[in-house]
Structures are given as C-alpha cells and as structure tokens.
Amino acid sequence: MTLTFAILAVFTIGSAVAAMTLRNLVHCALALAIAFASLAAIYLQLSAQFVGLAQILVYVGAVAILIVFAILLTRSGEPAGGSVFSSSWIVGVGVAAAVFAVLAAMIRSSRGLANKIPAAPQLAVRDIGDKMMSQYILPLEVVGLLLTAALIGAVLIAMREKERA
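What counts, and at which threshold
Residues numbered from 1 in each chain as written. Predicted model: local features only at pLDDT ≥ 70, side-chain atom pairs only at ≥ 80, totals over all residues. Heavy atoms only, no water. Axes fitted to C-alpha atoms, helices over the stretch in contact; angles between N-to-C directions. Helix = DSSP H or I, 4+ residues; strand = E, 2+ residues; numbered from the N terminus. Parallel < 35°, antiparallel > 145°, perpendicular 65-115°, else oblique. Left-handed = near helix turned anticlockwise from the far one by under 90°. Contact = heavy atoms within 4.5 Å. Nonpolar A, V, L, I, M, F, W, Y, C, P; charged D, E, K, R; others polar. Phe/Tyr/Trp six-rings, centres within 6.5 Å; stacked < 30°, edge-to-face > 60°. Buried < 20%, exposed > 50% of the residue type's maximum accessible area, 1.4 Å probe, protein only.

A closer look at the packing of helix α1 (residues 3-21) against helix α2 (residues 25-45)
In contact at an axis separation of 8 Å, α1 and α2 are set at 160 degrees when each is read in the N-to-C sense. Relative to α2, the element α1 lies roughly antiparallel. Between α1 and α2 lies a crossing whose hand is left-handed. Every residue of α2 that contacts α1 at Thr-4, Phe-5, Leu-8, Ala-9, Phe-11, Thr-12, Ser-15, Ala-16, Ala-18 and Ala-19 is listed here: Cys-28, Ala-31, Leu-32, Ile-34, Ala-35, Ser-38, Leu-39, Ala-41, Ile-42 and Gln-45. Grouping the amino acids of the contact of α1 with α2 by side-chain chemistry returns 15 nonpolar, 5 polar and no charged.

Some words on the environment of Tyr-43
The residue Tyr-43 is located in helix α2 in this model. Among residues more than four places away in sequence, those in contact with Tyr-43 are Ala-48, Val-51, Gly-52 and Gln-55.

Things to note about the packing of aromatic side chains
All chains considered together, the criterion is met by 1 aromatic pair. A centroid spacing of 5.1 Å and a plane angle of 50 degrees characterise the contact between Phe-36 and Tyr-59, whose relative ring orientation is tilted. Here the residue Phe-36 occupies a position in helix α2, and Tyr-59 occupies one in helix α3 (residues 49-74), the gap between them amounting to 23 residues. The exposure class assigned to Tyr-59 is partly exposed, which follows from its relative accessible area of 37%.

Shown next as structure tokens:
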C-alpha cells in the first residue's frame, strides 16, 4: 500500500463519515461530492482511467450537483439550531462495524483469494468511447433521455410542492 493510496483512503472514509453524520443537508451533499472525487482519484491511481473519469463525470459532475440543486430548490427553510451531528450516531457506528465484520469474514473465507489474478486487459478509454459512439449509441441516447425526463419530473414535483405551501 502506497502513501498516496493511504491518504486518499483516509480522505474518502472521512468525507463519507461526514456525509453520514452532519445534519445540514448542503454540507452532507458537499461531503458526498468530496467522497466521490476522492474515489475517482483512487481509481485513477489504480490505472482504471475509464472508471475514474466516469466517476468524475457521472457522480461528481452530475449526481452530486443534482443533489445540491434538489436540496436548494426544495428546502423550506433552515432547521432550528442544534447539534451539528446526529444524536443516533452510535447506532450507525455499531451497524457499520457489524456489516464490516460480516463482510471481512466472508472475504477471508472466500475461495477466490487463492486464485491467481488474471492479467489486466489492454483496453484504452478511446476504444470504449469509440464503441459507445458507434455500436452502443442507441442505448446511450435512451439513457440520456431517461435522465432528462427524470430531472424534468423532479423539477415539476418540486414546483408543485412550492405552490401548495
């Protein structure tokens, strides 16, 4: 494990914990965006360029910004002053520790650890882009239309709720 990976891992875990424990929704969304960005940096450091760039484009560039806009559009006001952290954080830590213990036990008992790691395929991001823009253009356009329809629907629902209030 390199020092860069360790720093990125600590940064990712720290921002993910902040996203779960902070009470202000805008701060949670920004911490989630930082977690997504640091995950992308981990992917790029592990030579998974396509996954890292897709992480940046899809999660940091689209999902996190959409979450921030949705929070800002639908917020009725700031909550009353209080603690910044949730009062039930100890339960969340317990559940997370239990899930981690079960996952670690399952991974350690897996027969897949004894298998040799196959050689990485020599596929460039350009090859994936060429395939997406030639062979898979129809599914790509359908997904784009679906996401656009979902965004328009979310805006319409948010506008109706503001009119009722």
